[in-house]
Amino acid sequence: MKISPLTQHDIADVIELMSLGAPYIRPRTASDYWLYATLFSTTCPIARDGDHLVGAIMAFRSQDNPDDVYLQDVITHPEHRRAGVTTALLNAVRERSQLLGARRLYLTSEPDNTTAHTTWTRRGFTNVPGDQTIEGVSVISDYKGPGKHRAVYELLI
Ligand SMILES: CC(C)(COP(=O)(O)OP(=O)(O)OC[C@H]1O[C@@H](n2cnc3c(N)ncnc32)[C@H](O)[C@@H]1OP(=O)(O)O)[C@@H](O)C(=O)NCCC(=O)NCCS
């Protein structure tokens, strides 16, 4: 498996991969990925097995709080899950973030995404205390706007 920064040439493959992420991930537009590949490539690693795109993380260092790197989308191809793809991509984001001088990785999941919850906690993330608990997952109400409740996870680096 080869991990590398997102480039313009990867965009069609990334859109196809993200379309396999339902119900928790949806592809964004080609213009969005153009932006990520042009301005944020080093925190947007992709994983290839030969020519086949098997995983990707889209993450961004905050300009408002440079300590923070936010992981927007994390996905592994359904046929390649539980093989360490996300673990390798998280390591790449972590290494790059440390080089940039960031102090914290964070992300959100939908409260019922138990596989994501297990992945983040097994990889050392803390489920940030919220104002409600849904099936053992701490959730912050309205985190992403009215009705958009989210489980929030963070890893200090
Ligand atoms: C969540 C997701 C990204 C995990 O990717 P992955 O490449 O399978 O993760 P890894 O193989 O690196 O697994 C890391 C650890 O998480 C845990 N884990 C991951 N998937 C699991 C599952 N289905 N059941 C139990 N534990 C799981 C394991 O502890 C695993 O380590 P181990 O296999 O050494 O025990 C993947 O399931 C996915 O793409 N889901 C759909 C999209 C999505 O929900 N993304 C997150 C949105 S916030």
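The structure we're discussing is the one just above.
Everything in this summary refers to the structure shown in the same document.

What counts as what
Residues numbered from 1 in each chain as written. Predicted model: local features only at pLDDT ≥ 70, side-chain atom pairs only at ≥ 80, totals over all residues. Heavy atoms only, no water. Buried < 20%, exposed > 50% of the residue type's maximum accessible area, 1.4 Å probe, protein only. Helix = DSSP H or I, 4+ residues; strand = E, 2+ residues; numbered from the N terminus. Arc of directions from axis to C-beta. Pairing = 2+ DSSP bridges. Near = heavy atom within 4 Å. Polar contact = N/O pair within 3.5 Å; in protein donor to acceptor, adjacent residues only side chain to side chain. Areas by Shrake-Rupley, 256 points an atom, 1.4 Å probe, with all protein chains shown as cover. Nonpolar A, V, L, I, M, F, W, Y, C, P; charged D, E, K, R; others polar. Core = buried A, V, L, I, M, F, W, Y, C linked by side-chain atoms within 4.5 Å.

Some details on helix H1 (residues 11-18)
Restricting attention to buried positions, one finds in H1 the residues Ile11, Val14, Leu17 and Met18. For H1, the angular spread of buried residues about the axis comes to 120 degrees, placing them on one side. Along H1, the residues that are exposed and aim more than 90 degrees away from the buried face are Ala12 and Glu16.

Description of the sheet that holds strand S6 (residues 126-127)
One open sheet accounts for 7 strands, arranged S1-S2-S3-S4-S5-S9-S6; its pairing is mixed. Among the strands making up the open sheet, the edge pair consists of strand S1 (2-5) and S6. Judged from the 4 bridges that link them, strand S2 (residues 45-49) and strand S3 (residues 52-61) form a sheet pairing that is antiparallel. Across the sheet, the residue bridging to Ile46 is Ala56, located in S3.

Let's talk about the site of the ligand
For the ligand, the set of nearby residues contains 21 residues, the closest of which are Val74, Thr76, Arg82, Gly84 and Thr87. In the model, an oxygen atom of the ligand is placed 2.8 Å from a nitrogen or oxygen of the Gly84 main chain. Relative to its unbound accessible surface of 910 Å², the ligand loses 80% to contact with the protein. Secondary structure elements with two or more residues in the shell around the ligand: strand S4 (68-76), helix H3 (85-100), strand S5 (104-109) and helix H4 (114-122). Looking at the shell around the ligand residue by residue, the class counts come to 7 nonpolar, 10 polar and 4 charged.

Digging into the nonpolar core
Core analysis: the biggest nonpolar cluster contains 22 residues, and Ile57, Leu71 and Phe125 have the highest contact counts within it. Of all elements in the fold, only S3, S4, H3, S5, H4, strand S8 (137-139) and strand S9 (151-156) reach the threshold of two or more residues within this core. The leading source of residues in this core is H3, at 4 residues. In terms of nonpolar packing, the next biggest core, distinct from the first, is built from 16 residues, Leu17, Tyr33, Cys44 and Ile46 among them.

Examining unusual backbone geometry
The omega torsion of the bond from Ala22 to Pro23 falls at 5 degrees, within 30 degrees of zero and hence cis. Within the element layout of this structure, Pro23 appears in the loop between H1 and helix H2 (30-39). In the Ramachandran plot, Glu135 falls in the positive-phi region, its phi being about 45 degrees despite a non-glycine side chain. Here Glu135 lies in the loop between strand S7 (132-134) and S8. Judged by relative accessible area, Glu135 falls into the exposed class, the value being 74%. The phi torsion at Asp142 lies on the positive side, around 60 degrees, for a residue other than glycine. Among the secondary structure elements, Asp142 is positioned in the loop between S8 and S9.

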